[in-house]
Amino acid sequence: MADFTNKRILLVEDDNFLSELLSKKLMESKANVMRAADGEEAITMVKANPKFDLILLDLMLPKVGGFEVMEAINADPKIAGTPIIILSNLGQKNDVEKGVSLGAKKFLVKAILSLDEIVDAVAEIIK
Amino acid sequence: MNLFSIFGLGGNSHGVRKTESSGKEEHFTDTYILALVHKLRTPLNAARWALDSVIHGDDTGKEAQREILNEGYNKIISAINTVNEILKAAEMDSKDGVDLKKEKLNLCDIVDDILKTLGYLIKRNEIKLEYGDKCNPTIIFGDREMLDLSLTNLFDNAFRYSPKGNVFVALTREGGMAKLVIKDDGIGIDKEDMSHLYEKFHRGKNAKVVDPNENGVGLYATKKIIEMHGGKIEVDSELNKGTTVEVDLPID
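Being a predicted model, the structure only gives us computed values, none of them experimental. (Residues numbered from 1 in each chain as written. Chains lettered and ligands numbered in written order. Predicted model: local features only at pLDDT ≥ 70, side-chain atom pairs only at ≥ 80, totals over all residues. Heavy atoms only, no water.)

1. Section: the overall build of chain A
Each helix and strand counted, chain A has five helices and five strands in total. Looking at chain A as a whole, 55% of its 127 residues are labelled buried. Here chain A displays about 5,600 Å² of accessible surface, and carbon together with sulfur accounts for 51% of that area. (Helix = DSSP H or I, 4+ residues; strand = E, 2+ residues; numbered from the N terminus. Buried < 20%, exposed > 50% of the residue type's maximum accessible area, 1.4 Å probe, protein only. Areas by Shrake-Rupley, 256 points an atom, 1.4 Å probe, with all protein chains shown as cover.)

2. Remarks on the pattern of salt bridges
One side chain can pair with another of opposite charge once the charged atoms of both are near each other. One pass over the structure, following the stated rule, counts 19 salt bridges over all chains. Between Glu28(A) and Lys25(A) there is a salt bridge; the shortest N-O distance is 3.9 Å. Separated by three residues within a single helix, Glu28(A) and Lys25(A) lie in helix 1 (residues 16-28), roughly one turn from each other. We note a salt bridge from Lys232(B) to Asp248(B), for which the minimum N-O separation is 3.6 Å. (Salt bridge = Lys/Arg side-chain N within 4 Å of Asp/Glu carboxyl O.)

3. A short note on the sheet that holds strand 6 (residues 232-238) of chain B
Residues and elements named next belong to chain B. With mixed pairing, the five strands of this open sheet are ordered in space as 2-4-5-7-6. Strand pairing shows two members of the sheet lacking a second neighbour, strand 2 (128-130) and strand 6, which therefore form its edges. The mean inter-strand angle of the sheet, taken between neighbouring strand axes irrespective of direction, is 10 degrees. For strand 2 and strand 4 (residues 166-174), the ladder comprises three bridges, and the chain directions are parallel. The residue of strand 4 that forms the bridge with Lys-128 is Asn-166. Across the sheet, helix 4 (residues 107-117) touches strand 2, strand 4, strand 5 (177-184) and strand 7 (242-250), and the angle it forms with strand 4 is around 170 degrees. (Pairing = 2+ DSSP bridges. Axes fitted to C-alpha atoms, helices over the stretch in contact; angles between N-to-C directions. Contact = heavy atoms within 4.5 Å.)

4. Considerations on the pairing of strand 4 (residues 84-88) of chain A
All names here are of chain A. Counting buried positions along strand 4 yields five of five residues, so the element is predominantly enclosed. Burial along strand 4 is two-sided: the face carrying Ile-84, Ile-86 and Ser-88 and the face carrying Ile-85 and Leu-87 are both buried. In this sheet, strand 4 lies alongside strand 3 (residues 54-57) in parallel orientation, the contact comprising three bridges. From the neighbouring strand, Leu-57 faces strand 4, where its bridge partner is Ile-86. In this fold, the crossover linking strand 3 to strand 4 by way of helix 3 (residues 66-74) has right-handed handedness. Pairing between strand 4 and strand 5 (residues 106-109): four bridges, direction parallel. Pairing of Leu-87 across the sheet is with Leu-108, part of strand 5. Regarding the hand of the β-α-β motif, the stretch spanning strand 4, helix 4 (residues 93-101) and strand 5 is right-handed. (Right-handed = clockwise from strand over helix to strand, strands pointing away.)

5. What about the packing of helix 1 of chain A against helix 5 (residues 115-125) of chain A?
All names here are of chain A. Remark: helix 1 packs on helix 5, axes separated minimally by 10 Å, with the N-to-C direction vectors making an angle of 55 degrees. By the angle class used here, helix 1 and helix 5 are oblique. The crossing of helix 1 and helix 5 is right-handed. Residues Leu-22, Lys-25 and Leu-26 of helix 1 form the contact with helix 5, whose own contacting residues are Leu-115, Asp-116, Ile-118, Val-119 and Val-122. Within the contact of helix 1 with helix 5, the residues separate by chemical class into six nonpolar, no polar and two charged. (Parallel < 35°, antiparallel > 145°, perpendicular 65-115°, else oblique. Left-handed = near helix turned anticlockwise from the far one by under 90°. Nonpolar A, V, L, I, M, F, W, Y, C, P; charged D, E, K, R; others polar.)

6. Quick word on the interface of chain B and chain A
The partner chain A presents 26 residues to the 23 residues of chain B that form the contact. A combined buried area of about 2,200 Å² lies between chain B and chain A, and 60% of that area is made up of carbon and sulfur atoms. Area buried by chain B at its contact with chain A is led by Arg41(B), Arg48(B) and Trp49(B), which between them contribute 31% of it. The dominant element in the side of chain B that touches chain A, judged by the number of residues it contributes, is helix 2 (residues 22-56) of chain B, at twelve residues. Classifying every residue of the side of chain B that touches chain A gives eight nonpolar, nine polar and six charged. (Buried area = accessible area lost by both parts, 1.4 Å probe.)

7. Thoughts on the side chain of Lys75(B)
When you line up the elements, Lys75(B) lands in helix 3 (residues 62-93). For Lys75(B), the residues in contact, after removing those within four places along its chain, are Asp15(A), Phe17(A), Pro43(B), Ala46(B) and Ala47(B).

8. A short note on helix 1 of chain A
Residues and elements named next belong to chain A. End to end, helix 1 covers 18 Å across 13 residues, agreeing with the expected 18 Å (1.5 Å per residue, within 8%). Residues Phe-17, Leu-18, Ser-19, Leu-21, Leu-22, Ser-23, Lys-25, Leu-26 and Glu-28 constitute the buried set of helix 1. The distance from a side-chain oxygen at the start of helix 1 to the backbone nitrogen of Phe-17 is 3.0 Å, and the residue carrying that oxygen is Asp-15. Of the residues one or two after helix 1, Lys-30 is the one with positive phi, at around 70 degrees. (Expected span 1.5 Å × (residues − 1). Polar contact = N/O pair within 3.5 Å; in protein donor to acceptor, adjacent residues only side chain to side chain.)

9. Re the packing of aromatic side chains
A complete count under the given rule lists one aromatic pair over all chains for this structure. One Lys or Arg, Arg8(A), reaches over the ring of Phe52(A) and ends 4.5 Å from the middle of that ring. The lysine or arginine in question, Lys223(B), covers the ring of Tyr198(B), its NZ or CZ lying 5.0 Å from the ring centre. (Phe/Tyr/Trp six-rings, centres within 6.5 Å; stacked < 30°, edge-to-face > 60°. Lys NZ or Arg CZ within 6 Å of the ring centre and 35° of its normal.)

10. Overview of the sheet that holds strand 2 (residues 32-36) of chain A
Residue and element names in this part refer to chain A. If you walk across this open sheet you meet the five strands as 2-1-3-4-5, and the pairing is parallel. The open sheet is flanked by strand 2 and strand 5, the only strands paired with a single partner. Looking at each pair of strands side by side, their axes are set apart by 20 degrees on average, direction ignored.

Here it is as structure tokens:
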């Protein structure tokens, strides 16, 4: 089982149910999980907190979309480079290319992955 | 039935844009297929994770598990509703049209049922709903399932896009018509989007900002169903002020 002790993860997901299920799963591996429900809140939280070990980022978000969140992070030298895994139900070639070009470490399609598979993907990034 | 016929994108009727280049038309179709795939993937994803969490998660106790499964069940219903909505739209577009299964209906009952079904949205968005306790029976002759689909869409829009706002509902009779008014003080619709209001799958720019995941057949189907019942719909809206929808349906 993955061990995320002392690892801080920001989960950005507007569907409260999905957010709860995934955060609970990550916390079973002892991660310190904070949650944002829209892009605006995500940017505020990223700027207001010490650098996260990882951001799990949905793309279709209220107020500010996921790609714009990545652009805002890239534009701020204090938080630029924070590892980001995109976690979306999109996943067309152009979405993946855009995500990677903006610096995403991985692009995961939520619906085709189990919660354990997502935890494994997280573990690969925050060893 | 191919995908073009399912989404009614083979022709230029119903406000669907047909481009001269077949490549562009395919792209247009793809855009909406993708939007619908996304709309289906989201609840299916949630249902999968719900089951996953109960099967493989730490034992959280029966009551917690029941809540998770209940939410997963609701998500599956949501996916089924999306599929039904698409099929109804396809049926309406087919050359044979759709056979209305008409019967005597009390509009009050339909509105009551819709308000019950959308109770979760009223609660989630903290809507202050103003609707008389007692509705005067208003009998119309119509297809229950189709009217449900059509009017649910209108109420859903009012509740979804008026977070923490007010929604006023009135059902009255004027001459030989039943008049349903749904007035909200929500995000409204801008002038440019108003001109595309009845296009299939069209969504206003500000609607996408509030709820990017929602994506249905929309007012296209709503208007068509009302007109199939000999009625009419009028929408008046102002950006950031709110929207008023008036539906007139002939009384039996």
